[in-house]
Amino acid sequence: MRRSINKKNSRLLSLACALLLAACGGSGGSDPEPAATRSPPPAGPPPVTLAQAYKFLNQATFGATEAEALRLMALGNSSTAYARWIDEQLALPATTQLAYVQAGLPNPIPPGFVVDILNSQRQDIWFQNSVRGPDQLRQRLAWALSQIMVVSQGPLSGYPFGLADYYDMLARDAFGDYRRLIEDVTLHPMMGRYLSMLGNQKPNPALNIRPDENYARELMQLFAIGLVELNPDGSLRRDGLGNPIPTYDQPTIEGFAHIYTGWSWACAAGSPANCTFASTRATIANQILPMQAFAEQHDTGSKRMLTYAGAIRTSVPAGQTPAQDLRDALDNIAGHPNVSPFISKQLIQKLVTSNPSPEYVQRISQVFNNDGTGRRGNLGAVVRAILLDVEARRDPIVSTGAVDGKTKEPLLRLTQLWRAYGGSAQSGRFVTVNAQGTFGQGPLTAPSVFNFFSPFFAPTGEIADRGLVAPELQIATEYQNTLVTNFFFTQVFNRNSRSGVTNPDIVVIDIEPEVAVAGDSAQLVTRIAARLLGAHISPELRGQAVLSVNRVAASNPTQRVAEALWLIVSSPEFAVQP
Amino acid sequence: MSNALVMNRRARRRFLRNVAAGGLGFALARTPGVAWAQMGGGGDFPDYRALVCVFLFGGNDSWNMVVPRSLPEYNVYATSRQNLAVPQASLLPINLVVPDVAGWQYGLHPSMAGIAAMFNSGRAAFVSNVGPLLAPVSLTQYQNRSVPLPPQLFSHNDQQDQWHTLKGNTLSKVGWAGRVADALATRVTAQQMPLNVSLAGQTLFLAGNATVPYTMGPTGPTAFAGFGTTGANLARRQSFEAVLQTSHPTVYEGAFADVQQRALQFGDGIAAALATAPDFTALPNAPPAPLSSLATQLRTVAKLIATRDLLRMSRQVFFVSTGGFDTHDDQLNDQPNLLGNVSDALQRFDDAMQQLAMSHAVTVFTQSDFGRTLTSNGDGTDHAWGGVQLVTGGAVAGGRIYGQHPLIRIGARVNTDRADDVGGGRFIPTTSSDQFAATLARWFGVADADLATVAPSINNFAQRDLGFML
């Protein structure tokens, strides 16, 4: 980051020199031309506006803030600022969760201690990193990836360290290679436990035992290629009769199921002395170590894999080790042409818009296939391309029925409010919110491997009628929306900087700048709109907000602020991301 | 989608406001005024009926729920299921009112005492080897893919969608209960809340072409904080509502605002009705031990049924759910709890319906992604196809197993074993989900002429009504 700022300063200096025509003494040489004969410089790209900065930051972080927007605007103009911001972010390492969760383990461990309670520690550090962490883009990607390659606390609550480490792995791999990512995912014991690859046995016909197919199925269906063949623009390929073409069949699943045999908890500190496939078990140490291969439970026959144009191999030969089989399987899956549109489109949907044009998907698929240096699956390049794409950067189209943008994830409305309004508790912790219960989502708390919502969800009405999708609306039910609205009510009215909160764990928002201008309702609403919406507010919402302020006596500035802030936070405008 | 069913946003808002103001309480469908005025024959239902769908998420291993207990059928089952077989001595005997064609006898999983008792008193039935089918399928046809099959067999979300929608290869955003509500819209004109209600989150099952379902929490709707009927609280609510009613530039804003409007529209009325509900002995408000999530949802359903007249309800479909059935691991440990919870919750609900003298009017049925494989991975089972579903209530022709319960044999063949195993112990269903749905829909009041709309493949099967309703 430091290097970039210096670069920025030196660019500004060069620009200043060129404009002022002073003898800046840079290169020496001939005198500058007289000012009168020099033609004016060509008009450059316009600067980034506040609203545009907010749009970008709501795509790339856990919520736009004024400070970050102003910093972004100063990085350059609309052709340069975004790329520079992204490059800063790509260079930042991951902030992690594991150490914080480990620190929550008492020493010595008292009898009857149930380690599951450390999941609240895990949620706490997730909020700290997401609301405060400097590596915003990487954290935002980790959050997106955790909703594609899902593991969930439900059956895994006894492994808080494993869960924290799984998320850290996603954060570390977020800008790396897709092939590396799915290998780390596959070998993580949390995924192994969640989708049954851990402890998967080789066949035993006498006992009617055959390898479990859960991971074989879900890795392909949800993490890699999906159920049907796709064109690079995300549209379905069709056979001669116009039907979609399945990407795999049952025998292929059985082939992969046989490949994923013989893996279990790694033998490490705390494991049994004679550590075998049958005897190994979960420990504090090995829940954060990759699974270990036990050859005696690995099926050593030849196994069928995916067949597709360009496949390097379509089966593994007999006699390979577990690791060799696994490597070949992941190469086979990662090499399938579907991966590019399947992953690219979902990342677009998570960051920018629920309904990208086919052309947008195709542009990103191409970057996935080749980042410009011949590398395939370069996630950092893919993210960069998604955010810099013309479709992500264009201004909101003002017409009824527009499909640009997306519904914000409910939890990201919360993180945005806390980021914009300095939400923090005296203790520095985030332990007084039940994210999954109130917002319908939380870190690694999805109800199933199908995430909090489906990428294909469309509510009855215009969206379904037009063949569009709005995944986040799946959890925007009458019930869930009311819980969220009520949470914001409590936050805004009862937990602000004037509320006199004494509980050190309650997160409080800072409304002092608003209180200072509360006497003038128009100015107050302008202030809130700038802070929350990048000054992009509809006349109707502005009008109602002003009315709601004017209903409260000037002698009660805190309530005047709360009425307007709550109305805007709970509005449909704040619930969507343009 | 017919244009006649699409109303522009402003007109629809006017319509909703008029309905609310006039207290008409029309089923809040998106049907335009013209179609409503054309309601012909029938009039509103004079009686009350309710369907309660209990969705078992993950794919219930129902071959361990209903088990042949006579010999040699039990031994065949035990050989197939090896260490996952339920011990014969522990099976709870159920007595068939109509004997099995081969004289086989059955028992239930030992944790299902409640269902066994209901079955033996005629208030529960099973439908066996039922699953998604577009038309009857033989093993050869399956292997050659020579007839249309439901897409993506063995995939959770796709098979859940098949149970919800019955739509085969057609992309569908509409469930069969949604189509039922659409078909009955002109016969429930006095209703003050949506016909279709979920207590378990958003579900495709209840979405109609016109009908929009309503979602509440497991204990009912939640009131908006800071809203009221007087003073500042009323003004605040009015500002909130005014913001919702402005035009919204994107489809996402518009759809979000619609949900908020429905929450405002129905929340208070439903909560007020629930507050007058009686306390049920079997589903107490303050139980000595906490009720399970499923029992809690069913308690709210019972309360809504108890207070149906306050909201002038004559037809209701409720969606509740419980999960954890995807037993790839630890099946021996988990299955007793999974099935025990279903049995306990459904028995409590049955008790509550009897307390209300409404047992004849309320039918509960299960659906689940799929049955599971007869083969195992050592400690669990995998995704399969046909399975057994449960139907309970006073209107059920109980004490029977409908359909054909197969011989639980790996490699089964239909001419000797009543069903075909496509491999690994996965049975091709011999009864379709369409037939299952059509039977329930008919009882609920859907006209014969509309059954093919509700269950699109029904005409491909000989029996439109499986006969499990009285």
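Residues numbered from 1 in each chain as written. Chains lettered and ligands numbered in written order. Predicted model: local features only at pLDDT ≥ 70, side-chain atom pairs only at ≥ 80, totals over all residues. Heavy atoms only, no water.

Residues and elements named next belong to chain A. Per the stated rule, a full pass over the model turns up 40 aromatic pairs over all chains. Here Phe62 and Trp126 contribute two aromatic rings whose centre-to-centre distance is 5.6 Å and whose plane-to-plane angle is 90°, an arrangement assigned as edge-to-face. Of this pair, Phe62 sits in the loop between α2 (50–60) and α3 (66–74) while Trp126 sits in helix α6 (residues 118–132); the two residues are 64 residues apart in sequence, bridging distant segments of the chain. Judged by relative accessible area, which is 0%, Trp126 ranks as buried. (Phe/Tyr/Trp six-rings, centres within 6.5 Å; stacked < 30°, edge-to-face > 60°. Helix = DSSP H or I, 4+ residues; strand = E, 2+ residues; numbered from the N terminus. Buried < 20%, exposed > 50% of the residue type's maximum accessible area, 1.4 Å probe, protein only.)

Each disulfide consists of a covalent bond between the sulfur atoms of two cysteine residues. All names here are of chain A. The tally for this structure, following the rule as stated, stands at one disulfide over all chains. Two residues share a disulfide in this structure: Cys267 and Cys275, whose sulfurs sit 2.0 Å from each other. For the disulfide bridge between Cys267 and Cys275, the dihedral angle about the S-S bond is near -85°, and by the sign convention the bridge is left-handed. The exposure class assigned to Cys267 is partly exposed, which follows from its relative accessible area of 30%. (Disulfide = S-S within 2.5 Å.)

Moving on, we come to the environment of B:Gly226. Within the fold, B:Gly226 resides in the loop between β7 (214–215) and α8 (231–244). Along the chain, B:Gly226 and B:Arg236 lie ten residues apart, while their C-alpha atoms are 7.4 Å from each other. Filtering out sequence-adjacent residues up to four positions away, B:Gly226 remains in contact with A:Phe489, B:Asn233 and B:Arg236. (Contact = heavy atoms within 4.5 Å.)

So, on to the confidence of the model for chain B. All names here are of chain B. Averaged over chain B, the pLDDT score is 91; the fraction of residues at 70 or greater is 91%. Low pLDDT (under 50) marks residues 1–41, which in the prediction has 65 contacts with non-local residues, meaning those over four places away or in another chain. Per the prediction output, this complex has pTM 0.90; the corresponding ipTM is 0.91. (pLDDT = per-residue confidence, 0-100.)

Moving on, we come to the interface of chain A and chain B. Contact with chain A, which involves 76 residues of that partner, is made by 69 residues of chain B. Surface buried jointly by chain A and chain B totals about 5,600 Å² across both partners, of which 56% is contributed by carbon and sulfur atoms. Where chain A touches chain B, the interface holds five salt bridges. With its nearest N and O atoms 2.7 Å apart, the salt bridge here joins B:Arg236 to A:Glu563. Across the chain A-chain B interface, the total number found is 35 residue pairs in polar contact (both at pLDDT 80 or more). Counting residues per element, the ones that place at least two in the side of chain A that touches chain B are α12 (214–224), α13 (250–259), β5 (406–407), α21 (462–465), α22 (478–494), α25 (539–550), α26 (557–569) and α27 (572–575) of chain A. Residue contributions to the side of chain A that touches chain B peak at nine residues, all from α22(A). (Buried area = accessible area lost by both parts, 1.4 Å probe. Salt bridge = Lys/Arg side-chain N within 4 Å of Asp/Glu carboxyl O. Polar contact = N/O pair within 3.5 Å; in protein donor to acceptor, adjacent residues only side chain to side chain.)

What follows concerns helix α15 (residues 339–351) of chain A. All names here are of chain A. Over its 13 residues, α15 extends 18 Å from the first C-alpha to the last, a length consistent with the 18 Å expected when each residue adds 1.5 Å. In terms of burial, α15 is largely enclosed, as twelve of its 13 residues are buried. Buried within α15 are the following residues: Val339, Ser340, Pro341, Phe342, Ile343, Ser344, Gln346, Leu347, Ile348, Gln349, Lys350 and Leu351. (Expected span 1.5 Å × (residues − 1).)

Now for the nonpolar core. Judged by nonpolar contacts, the single largest core of 155 residues is most densely connected at A:Tyr260 and A:Leu532. A:Leu532 has contacts with A:Tyr54, A:Gln416, A:Leu417, A:Ala420, A:Tyr421, A:Leu565, A:Ile568, A:Val569 and A:Phe574, leaving out every residue within four places of it along the chain. Within the second largest apolar cluster, 70 residues are counted, among which are B:Leu91, B:Met112, B:Leu338 and B:Val364. (Core = buried A, V, L, I, M, F, W, Y, C linked by side-chain atoms within 4.5 Å.)

Our focus in this paragraph is the pattern of salt bridges. Under the definition given, this model contains 40 salt bridges over all chains. The residue B:Asp350 makes a salt bridge to B:Arg123 at a minimum N-O spacing of 2.6 Å. Of the two residues, B:Asp350 is situated in helix α11 (residues 331–355) and B:Arg123 in the loop between α4 (113–120) and β5 (124–131); the sequence distance between them amounts to 227 residues. Sharing partners across several salt bridges, the network here consists of A:Glu68, A:Arg71 and A:Glu88.

To continue, consider unusual backbone geometry. Backbone torsion omega between A:Asn107 and A:Pro108 reads 0°, so that peptide bond is classified as cis. Along the chain, the position of A:Pro108 falls in the loop between α5 (98–102) and α6. Here the amide bond leading from B:Leu71 into B:Pro72 is cis, since omega sits at 0°, within 30 degrees of zero. Looking at the secondary structure, you find B:Pro72 in the loop between β2 (66–68) and α3 (73–81). The phi angle at B:Arg145 is positive, at roughly 50°, despite the residue not being glycine. Secondary-structure assignment places B:Arg145 in the loop between α5 (139–144) and α6 (156–165). Phi angles above zero are rare outside glycine, and B:Arg418 is one such case at about 80°.

Turning next to α8(B). End to end, α8(B) covers 20 Å across 14 residues, agreeing with the expected 20 Å (1.5 Å per residue, within 8%). The complete set of buried residues in α8(B) reads B:Ala235, B:Arg236, B:Arg237, B:Ser239, B:Phe240, B:Val243 and B:Leu244. Looking at the buried positions of α8(B), the neighbouring elements they touch are α22, α25, α26 and α27 of chain A together with α9 (251–275) of chain B.

Further remarks concern the side chain of A:Gln480. Residues and elements named next belong to chain A. Positionally, Gln480 belongs in helix α22. In this structure Gln480 comes out as buried when scored by relative accessible area, which is 13%. Once residues lying within four places of it in the same chain are set aside, the contact partners of Gln480 are Gln436, Gly437, Thr438, Phe439, Gly440 and Ile475.

Right, let's get into the sheet that holds strand β4 (residues 106–108) of chain B. Hydrogen bonds between backbone groups are what pair the strands of a sheet, and the pairing can be parallel or antiparallel. All names here are of chain B. In spatial order, the strands read β2-β4-β3; together these three strands make up an open sheet with antiparallel pairing. On the outer flanks of this sheet lie β2 and β3 (92–94), each paired with one strand and no other. On average, each strand axis in the sheet is inclined to that of its neighbour by 40°, with strand direction left out of account. Note that β2 and β4 share three bridges and pair antiparallel. Within β4, the residue paired with Val66 across the bridge is Leu108. Along the sheet face, α4 touches β3 and β4 and points at about 20° away from the line of β3. (Pairing = 2+ DSSP bridges. Axes fitted to C-alpha atoms, helices over the stretch in contact; angles between N-to-C directions.)

How big an interface is tends to be stated in terms of the accessible area lost upon association of its parts. Residues and elements named next belong to chain A. We note that the domain assignment places domain 1 (92–224 + 248–334) and domain 2 (408–445 + 477–577) within chain A. A separation of 39 Å is found between the C-alpha centroids of domain 1 and domain 2. Taken together, the contacts link 22 residues of domain 1 with 22 residues of domain 2. Among the residues domain 1 hides against domain 2, the three largest losses belong to Phe127, Val131 and Trp143. Together they make up 31% of the total. Notably, a salt bridge pairs Asp124 with Arg429, separated by 3.4 Å at the nearest N-O pair. Counting across the domain 1 and domain 2 interface gives ten residue pairs in polar contact (both at pLDDT 80 or more). For the side of domain 1 that touches domain 2, the elements supplying multiple residues, two or more each, are α6, α7 (136–146) and α9 (160–173). Sorting elements by how many residues they give to the side of domain 1 that touches domain 2 places α6 first, with ten residues. A breakdown of the residues in the side of domain 1 that touches domain 2 according to their chemical character gives nine nonpolar, nine polar and four charged. (Domains from an automatic or database assignment. Nonpolar A, V, L, I, M, F, W, Y, C, P; charged D, E, K, R; others polar.)

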